[in-house]
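The residues making up each chain are set out below.
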Amino acid sequence: MYCYLFEAKSIQDYLFQSNKLKDVIAASERLDRLIDSTEYSVLGQVLKASKLESDLLNRDVNAEHTIHFLRSKGGAFYSYCQQQAPLVSLRSTWTLTLSQLFPSMIYTDALSEALSLKVALDKAMAGLNAARNTPQVNFPLSSTLIERYSRTGNGAVPLSLLAQRACAKDEFKNDSALDIDTEFHRQAYQAFDMRETAALQDRFTPENRKGAIRYPIDFEKELAFLGPQLKRKHQREAIKDMALIHLDGNGLGILLRQLKSELYDQADAVYCQAFRDFSEALNKATVAAARIATEQVYQHVIAENDFYEACVTLPMRPIVLGGDDVTLFCRADLALDYATTFCRAFKQESERALVDVFEQYLSDSGLFPYITASGGILYHKAGHPFSHSHHLVEALCDKAKVLTKSVYGTQSNKVGPAALAFYRVSNATQSDLSQLLTQAQTFSVGEDQSLTVGQSSYFVDPLSTTEADKVKDGRFLQQLRDIMPQEGSVTPVSMAKWRQMMTAIAQHDLDEAKRIYHRAIKLCVDADAITTFKSALQQFVPKDALRHEDWYWQLTGDEDGKMSGYQSFINDVLIVHHFESALLTKNVKGDALCSHK
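Small disclaimer: the values here were computed from a predicted structure and weren't measured.

Caption draft 1: Looking closely at the overall build of the protein chain. Summing up its helical and strand segments, the protein chain has 24 helices and 19 strands in all. Expected size for 597 residues packed as a compact globule is a radius of gyration near 25 Å; at 26 Å, the protein chain falls within 12% of this value. With the C-alpha coordinates aligned to their principal axes, the bounding extent of the protein chain is approximately 80 × 60 × 50 Å. The 597 residues of the protein chain split such that 53% are buried. Within the protein chain, counting contacts between residues at least 6 apart in sequence, those at least 24 apart form 69% of the total. Carbon together with sulfur atoms contributes 49% to the accessible area of the protein chain, which is approximately 27,000 Å² in total. Considering the protein chain, the positive charge centre built from 64 side chains and the negative charge centre built from 74 side chains are found 4 Å apart.

This is the structure:
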């Protein structure tokens, strides 16, 4: 048995390398067409041009020379065949095509053989891991004499007529030559008419909204950075804040390992069928969750406008949707609601999509019948370089996943709950996330003592009783909103007081921050409001922490009994409040989910 595996790597780096939105859009749409189980995908075209028989389109095809696919989604495909020649032909034609269409894209591939499909697949996976550490030569090579495109540093080529039509006049004057990948992106942008429609954005659009929703291609001109209520209220130019959202599934590896173990003694046909069903079910769940979250944005935009339009431009821009991976730009005040809606919907939709897989192959596995999603939200200015943003949002996603894994541990076969991490950057920076958090959120407040004013990562929903017993830190997003001013209710500590406390801490004056807090509590005349408020604050404190005040605590240290620095949540609540939507969204959320169903 022979196996050939392929995976595109560093996709985010490839998408954002030129830092221009039209190139990001075109690159994401081109990559979306790369691998799919349709005849119009690049993979389908390569198979057709090579005259290779496969089950990509028709699963009933089964001959000795047939190429079978276990996976063909999300920038990767896994294939096997009983003969070596078809896979060698596929590999040769596929890599040649890739070098022509996506010259600088990094990828790994591996071809293996063994007496059984399972062993051949294991050897091919090991080959993929080895290929990640092997330097890859990309053509065309750029020598010292070659002119380079200033945005990417790659060798420049003259603009084709098609690419010129996709460039603005002033842009063409400044960029008379592009690198080969950007040149292809511009050609695709023009040829596929991505100003109006594209396949990737259609997968974000609910079926009943096709033709009624469009997405901006120029953030400066088309994206409404603030809703009409805020524009009327402040009577000033909209603050051009936006958010980059990156969401990724949890527990995918757990399910795949368990599925592989359960099918080890099964026939190759059953093995292939199960993995392909799983891949397609996962993609179906991701698309469904993205559409539910997009529907919520649509309902929000409709509700905040005083007029109705046949076609609404949503303040969001899809970038990636493949496998369990989603990336998009979104208006800042809608980002947190979009991400939480997606995470909740993804859990429900994955359970619905995977029901057949669990009933047939994993009924006795003891696993949860679903997977969850965690992610990161980076708030930044519209002019912030994309190449800096996507590295930070991926790091935020990793931080959220650390919180998710803290519930059951990294060695457990249980899927942890959904979590989100968020951060706000004011200036372009190339620092990594850990450096930024240390510089912006950690302040010395005494001799050999520091206070970290943000936790950054939170669970999307409250933990169940079982989950709460397994994790010391049960913070979740609604806690932040519970201590914010609510319409018609009394909040003992206003957001202005939290900001004053933050300023005092930044000036290394912890005593002044305490004074501001206690004076605000003392001036509040509603005893019930104080009790409710302090109860909400207490939920932030980890179980094994030493509580110093209602709003900050100290974690137990190492085996020597040394305590760690102080920790709080002030910066997080200020971020969430700053980007909270001006429109009450409770009814909007409910309407969105109901109308989708």
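We are not done yet, so read on.
Caption draft 2: Quick look at the sheet that holds strand E18 (residues 552–555). Pairing within the open sheet is mixed, and its five strands lie in the order E14-E15-E19-E18-E17. In this open sheet, the two edge strands, each paired with only one partner strand, are strand E14 (442–446) and strand E17 (545–547). For this sheet, the mean inter-axis angle between neighbouring strands, taken without regard to orientation, is 35 degrees. One ladder, built from two bridges, connects strand E15 (residues 449–452) with strand E19 (residues 566–568); its direction is parallel. Residue pairing in the sheet places Leu 451 in a bridge with Tyr 566 of E19.

Caption draft 3: Structural context of the nonpolar core. Formed by 114 residues in total, the largest nonpolar core has its most connected members in Tyr 379, Trp 498 and Trp 551. A per-element tally of this core places helix H13 (residues 268–304) first, with 16 residues. Trp 551 has contacts with Leu 451, Trp 498, Met 501, Ile 505, Leu 510, Ala 513, Lys 514, Tyr 517, Gln 567, Ser 568, Phe 569 and Ile 570, leaving out every residue within four places of it along the chain. Listed in part, the 66 residues of the second largest apolar core include Tyr 2, Leu 43, Tyr 423 and Val 425.

Caption draft 4: The arrangement of the pattern of salt bridges in detail. Scanning all chains against the criterion turns up 27 salt bridges. Residues participating in the shared-partner salt-bridge network are Asp 55, Arg 59, Arg 276, Asp 277 and Glu 280.

Caption draft 5: Structural context of the side chain of Gln 479. When you line up the elements, Gln 479 lands in helix H19 (residues 477–482). Within the structure, the side chain of Gln 479 is placed 3.0 Å from the backbone nitrogen of Phe 476, a separation counted as a polar contact. Looking at Gln 479, its side chain comes within polar contact range of the main-chain oxygen of Gln 539, at 3.4 Å. Not counting chain neighbours up to four residues away, the residues in contact with Gln 479 comprise Gly 474, Gln 539 and Phe 540.

Rules of the game
Residues numbered from 1 in each chain as written. Predicted model: local features only at pLDDT ≥ 70, side-chain atom pairs only at ≥ 80, totals over all residues. Heavy atoms only, no water. Helix = DSSP H or I, 4+ residues; strand = E, 2+ residues; numbered from the N terminus. Rg over C-alpha atoms; globule rule 2.2 N^0.38 Å. Buried < 20%, exposed > 50% of the residue type's maximum accessible area, 1.4 Å probe, protein only. Contact = heavy atoms within 4.5 Å. Areas by Shrake-Rupley, 256 points an atom, 1.4 Å probe, with all protein chains shown as cover. Lys, Arg positive; Asp, Glu negative; His and termini not counted. Charge placed at Lys NZ, Arg CZ, Asp CG, Glu CD. Pairing = 2+ DSSP bridges. Axes fitted to C-alpha atoms, helices over the stretch in contact; angles between N-to-C directions. Core = buried A, V, L, I, M, F, W, Y, C linked by side-chain atoms within 4.5 Å. Salt bridge = Lys/Arg side-chain N within 4 Å of Asp/Glu carboxyl O. Polar contact = N/O pair within 3.5 Å; in protein donor to acceptor, adjacent residues only side chain to side chain.

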